[in-house]
Amino acid sequence: MSIQSSTLHFPPSLRPRRNRSTPVMRAAVRETWLEASHFVLPLFVHDKEEDEEVTSMPGCSRLSLMSLIAEVEGAIADGIGMVEVFPAVPEALKTPGAEESYNSEGLVPRAVRMLKSKFPSLVVVTDVALDPYNSLGHDGIVDVSTGEILNDASVAVLCRQAVCHAKAGADIIAPSDMMDGRVAAIRTALDAAGYPQVSILSYTAKYASAFFGPFRDALDSAPRCDEGSKVPVHKKTYQMDPANRREALREAALDEAEGADIMMVKPAGPYLDVIAALRSASTLPIAAYHVSGEYAMIKAACANGWLDERRVVLETLLGMRRAGADIIFTYYARAAARWLAEDAGKRVQGGQFAD
């Protein structure tokens, strides 16, 4: 049975589809867009001559310092101007006090110096947290007698780490530890050391998420303890409860007051509501981290032929932008940048516009 226009329950003049009628119209009214300049490429480095594939993250590897330079050169050619460096630290250098975290000849400072020497205009972000260097795999110093992650003692070490990275040439310090008061302390330490120009990108709302597993594989940085120990095998006493949204607004207000230049939500996909909430509450730039578990899920589905990788990735990243993210940390940064460039080149073909 056909439906006549007279049976419609809205005035025929109200037709939103008119704005979706052609590629040109769709482009003209598009509210959100993606560009390579929105992306930060996270990179894993180690102090070995050969690269090592991260098996739970197809396409990602622990890179030697020489391979790091080649990877970043390629990223720049793809239009990526920002990278973040994460170190895979040998077990022999991991200690309860995480002293290697502020070694000026450590892996991260050497990587930063190489990158800034080779690519002066590259924006280099460094992760400030103790889990890669801590023999117990926690982001802070642990009191093994009680299992408590010591907040203030950890912040003191984080400040030394931040200054070490700034001295090496880091443009942005990114504390991911979730200790209370660390943004103000790091800002004070950087300024006192003569680095007022170095920015702080705070992991403001970092959740105690199940999506971090492949990342911890890459760095071998998961919490660990002996049987019977009081040391927790989780990070729930400092990372946020996945059930909480209002708490993220409190963390954001504190970080902004303490001097953060950019605030991050991590993970991104399951927390788009939190990204939107921070975007509404603050005028600071908001970053989203498309984390290892999110990446691995897409890779697995696409490897099985269940999803179109290109379309799903770009839609996923666009959703983060639509939620309010100005900056997206993603292992797909290079691929997404190339796909976007290809799409831009196809928009006019034979005198006709296309999506």
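For the structure, check the block above.
Visitor: Go over the nonpolar core with me, naming the residues and quoting the values.
Guide: Counting residues in each nonpolar core, the largest one holds 111 residues, and the members touching the most others are F39, F44, L68, L115, L190, L201 and Y289. The biggest single contributor to this core is helix α4 (residues 151-168), with seven residues. If we ignore the near neighbours within four places in the chain, the residues touching L201 are I172, I173, A174, P175, I262, M264, A287 and F329.

Visitor: Go over the environment of N134, please, and point to the residues and values.
Guide: Within the secondary structure layout, N134 lies in the loop between β5 (123-128) and β6 (141-143). Classification of N134 as buried rests on a relative accessible area of 0%. Sequence separation of N134 and S101 is 33 residues, and the distance between their C-alpha atoms is 8.7 Å. N134 has contacts with K94, T95, P96, A98, G140, I141 and V142, leaving out every residue within four places of it along the chain.

Visitor: Lay out empty space enclosed by the protein with the relevant residues and their values.
Guide: Taken as a whole and judged by the stated rule, the model has one cavity of 30 Å³ or more. The volume enclosed by the largest cavity comes to roughly 100 Å³. Surrounding the largest cavity, 14 residues form its lining, D131, D139, K206, F215 and K266 being those nearest its centre. Residue assignment for the lining of the largest cavity shows that the elements contributing at least two residues are β9 (199-206) and α6 (213-219). In the lining of the largest cavity, the residues fall into four nonpolar, three polar and seven charged.

Visitor: A description of the state of the cysteines should follow, citing residues and the corresponding values.
Guide: The tally for this structure, following the rule as stated, stands at zero disulfides. Lacking any disulfide linkage, C164 is separated from the closest cysteine sulfur, that of C159, by 13 Å. For C164, a relative accessible area of 9% translates into the label buried.

Here is what the cut-offs are and how they apply
Residues numbered from 1 in each chain as written. Predicted model: local features only at pLDDT ≥ 70, side-chain atom pairs only at ≥ 80, totals over all residues. Heavy atoms only, no water. Core = buried A, V, L, I, M, F, W, Y, C linked by side-chain atoms within 4.5 Å. Buried < 20%, exposed > 50% of the residue type's maximum accessible area, 1.4 Å probe, protein only. Helix = DSSP H or I, 4+ residues; strand = E, 2+ residues; numbered from the N terminus. Contact = heavy atoms within 4.5 Å. 1 Å grid on protein atoms, 1.4 Å probe; cavity = no way out; pocket = protein on both sides within 12 Å on 5 of 7 lines; lining within 4 Å. Points joined across faces, edges and corners; volume = space filled by probe spheres on them. Nonpolar A, V, L, I, M, F, W, Y, C, P; charged D, E, K, R; others polar. Disulfide = S-S within 2.5 Å.

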